Amino acid sequence: MSGYQTWLREGNFIDGAWVGADDGASIDVTNPANGEVIGTVPKAGEAETLRAIDAAQAAFPGFADMALMERLSLLWKLHDALMDNQADLAELLTVEMGKPLAEAKGEIAIGAQYVRWFAEEARRAKGEIVPAGVNGRRILVTKHPVGVVGMITPWNFPSSMLARKLAPALAVGCTVVAKPATATPYSGLAWAALAEEVGFPNGAVNILTGSARAIAGAMMARPEVRKITFTGSTEVGKELIRQSADTVKKVSMELGGNAPFLVFDDADLEAAVQGAMVSKYRNMGQTCVCANRIYAQAGIYDAFVARLAEETAAMKIGDGRDEGVVQGPMIDMGAVEKVEELLADATGKGARVVTGGGRHELGGTYFQPTVLADATQDMAFAQEEIFGPLAPVFKFDTEAEAIAMANDTVYGLAAYAYTTDLARAFRLNEGLKYGMIGINSGLITTVEAPFGGVKESGLGKEGGSQGLEDYLETKYVCIDGV
């Protein structure tokens, strides 16, 4: 084997062994750029998941008790293994998901950064000694790994989404049972291969593929799984939160978004256009933090729409492995049809297609990056996540109107604004009901900062020092008679 095939694993990794489904069932994995089957993965279910949970539970005491520096040395080795194999891992990601190779390389790199960041942060998972109100007592607050963690990750960032869950969990001594998305399982299984290579103990990392309902159901039912971390739709997240009540699991949920992108009259026009391009079209618009609704103030509206359309029309479309390609295929035909439905709804209500507007001549799941002008709040994408390369531009007059329209959604993940008014930037920070806000930046994800939303966009944070807290329990001990 060579290239990306070095890391393509067609088995599940349970208790240190590569295994198939008990009944031999498998799932085909296809390349969305050409529809070709690139391999199969096991179609595992409840029985396999229960074994993985048992393995993680058995491994937890020893892994949690491992000397901190010994455990963190495994993470440093994992970081190095990722970067040493960045090109091959990125090609694997592109082949199964479709994103341009440059973006895939960036995803592998930020995954490695998460590993390194949490290896460093784990050394600062400090407790405290609290002054007692009664003489002769000492009050200690300590931090402890939560236990076995169930992880469910999506297809759009199949490597980095797992990185920012695996890294903090392993850093503090938790063991893991993870389920990557069926559409993009190989990037998830590659983490198991990497963990095996650098020497994580058997049972610390378990990764299996198959029926989402059966695997998640087993995770939710078993009390040994003390935490569930999920990235995906709000609908599924709500159901997992409901199910978590039966065993009172700790949960962190990174759910849907409906990001507003505000461009004020005083903005640097070119910077705003470039920011919109990276925010809207990264990963073919298939990100939970990409610009879903672009609001431009009346004075800059026409110029902004014209430049955005010009830049959009110039993008090279094709197989993500081809030179110069910046937009690959969408993940599947269902994603294409959803964009078409939203586009038809908008044009039926008066939106104007400035560029694009339909399926690409390459066929398959390729779609023309599209700019719509004259978008209004009664159009479906004002409330629904587009998850595709469709950029609707709304017009507004006042700052208060822009904030009101931006907040008119059940979601609250990411928001963006372009302005040169410093006072306005502070007002936007207070007025926009979002967990993450980019001012004069369309790309804000970084390992040092907490990633997560408010409202129906989720619970908990990934990244930053806050990302470590989600994998720790806090204990208090009172020592009397001192």
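For the structure, see preceding data.
Residues numbered from 1 in each chain as written. Predicted model: local features only at pLDDT ≥ 70, side-chain atom pairs only at ≥ 80, totals over all residues. Heavy atoms only, no water.

**Focus: the overall build of the protein chain**
As a reminder, the rule being used: Each helix is a run of H or I in the DSSP string that is no shorter than four residues. Each strand is a run of E no shorter than two, and both are numbered from the N terminus. The size measure is the radius of gyration over C-alpha atoms, and the globule rule it meets is 2.2 Å times the number of residues to the 0.38 power. With a 1.4 Å probe rolled over the protein chains alone, any residue whose accessible area is under 20% of its type maximum counts as buried; one over 50% counts as exposed, and the rest are partly exposed. In this analysis, two residues are considered to be in contact whenever any of their non-hydrogen atoms come within 4.5 Å of each other.
Within the protein chain, the regular secondary structure consists of 14 helices and 20 strands. Compactness check: the protein chain gives a C-alpha radius of gyration of 23 Å against a globular reference of 23 Å for 482 residues, within 12% of the reference. Buried residues in the protein chain amount to 56% of all 482 residues. Excluding contacts between residues fewer than 6 apart, the proportion of contacts in the protein chain whose partners are at least 24 apart in sequence is 73%.

**Overview of the pairing of strand β17 (residues 414–418)**
We apply this condition: The pairing criterion for strands is at least two bridges between them, as found by DSSP. The path from the first strand over the helix to the second decides the hand: if it runs clockwise while the strands point away from the viewer, the crossover is right-handed.
Most of β17 sits out of view: five of its five residues are buried. Both faces of β17 are covered, namely the face carrying Ala414, Tyr416 and Tyr418 and the face carrying Ala415 and Ala417. As judged from the three bridges shared by strand β12 (residues 259–263) and β17, these two strands associate in the parallel manner. Pairing of Val263 across the sheet is with Tyr418, part of β17. In the sheet, β17 pairs with strand β18 (residues 436–439) via four bridges, with the strands oriented parallel. Across the sheet, the residue bridging to Ala414 is Met436, located in β18. Read from β17 through helix α13 (residues 422–431) to β18, the crossover connection turns out right-handed.

**Comments concerning a negative patch on the surface**
Heads up, the condition is: Patch rule: a residue counts if its relative accessible area is over 30% and it has no salt bridge; like charges are joined within 9 Å, and nonpolar side chains (Val, Leu, Ile, Met, Phe, Trp, Tyr) within 5 Å. Computed with a 1.4 Å probe, the accessible areas rest on the Shrake-Rupley method; for each residue, only the protein chains presented here act as cover. Put simply, a salt bridge is a Lys or Arg side-chain nitrogen that is within 4 Å of an Asp or Glu carboxyl oxygen. His is not counted, nor are the chain ends, whereas Lys and Arg count as positive and Asp and Glu as negative. To locate a charge, the coordinates of NZ of Lys, CZ of Arg, CG of Asp or CD of Glu are taken.
Together, Asp80, Asp84, Glu196 and Glu197 make up a negatively charged patch on the protein surface. Broken down by secondary-structure element, the contributors of at least two residues to the negative patch are α2 (68–84) and α6 (185–198). For Asp84, the position within the fold is in helix α2. Classification of Asp84 as exposed rests on a relative accessible area of 64%.

**Thoughts on the pairing of strand β6 (residues 138–145)**
Bridging between strand β5 (residues 128–130) and β6 involves three bridges; their strand directions are antiparallel. In the sheet register, Val130 faces β6, and the bridge partner there is Ile139.

**A look at unusual backbone geometry**
The backbone of Phe387 shows a phi angle near 55°, a positive value even though the residue is not glycine. Assignment of secondary structure puts Phe387 in the loop between β15 (370–375) and β16 (390–396). Not every positive phi belongs to a glycine, and Asn440 is a case in point at roughly 60°.

**A look at the sheet that holds strand β20 (residues 472–479)**
Convention followed: Axis definition: a line fitted to C-alpha atoms, over the contacting stretch in the case of helices. Angles run 0 to 180 degrees between N-to-C directions.
Spatial strand order, β5-β6-β20: three strands in an open sheet with antiparallel pairing. Lying at the two open borders of the sheet, with one neighbouring strand each, are β5 and β20. The sheet shows a mean angle of 25° between the axes of neighbouring strands, taken without regard to direction.

**Some thoughts on a nonpolar patch on the surface**
Side chains of Leu68, Met69 and Trp76 sit close together on the surface and give an oily, nonpolar patch of about 250 Å² of accessible area. Along the chain, Met69 turns up in helix α2. Judged by its relative accessible area of 38%, Met69 is partly exposed.

**What about the pattern of salt bridges?**
Under the defined criterion, the tally for this structure stands at 24 salt bridges. One connected set of salt bridges, linked through shared partners, spans Arg164, Lys165, Glu254 and Glu462.

Geometric descriptors of this kind do not, in isolation, establish any biological role.
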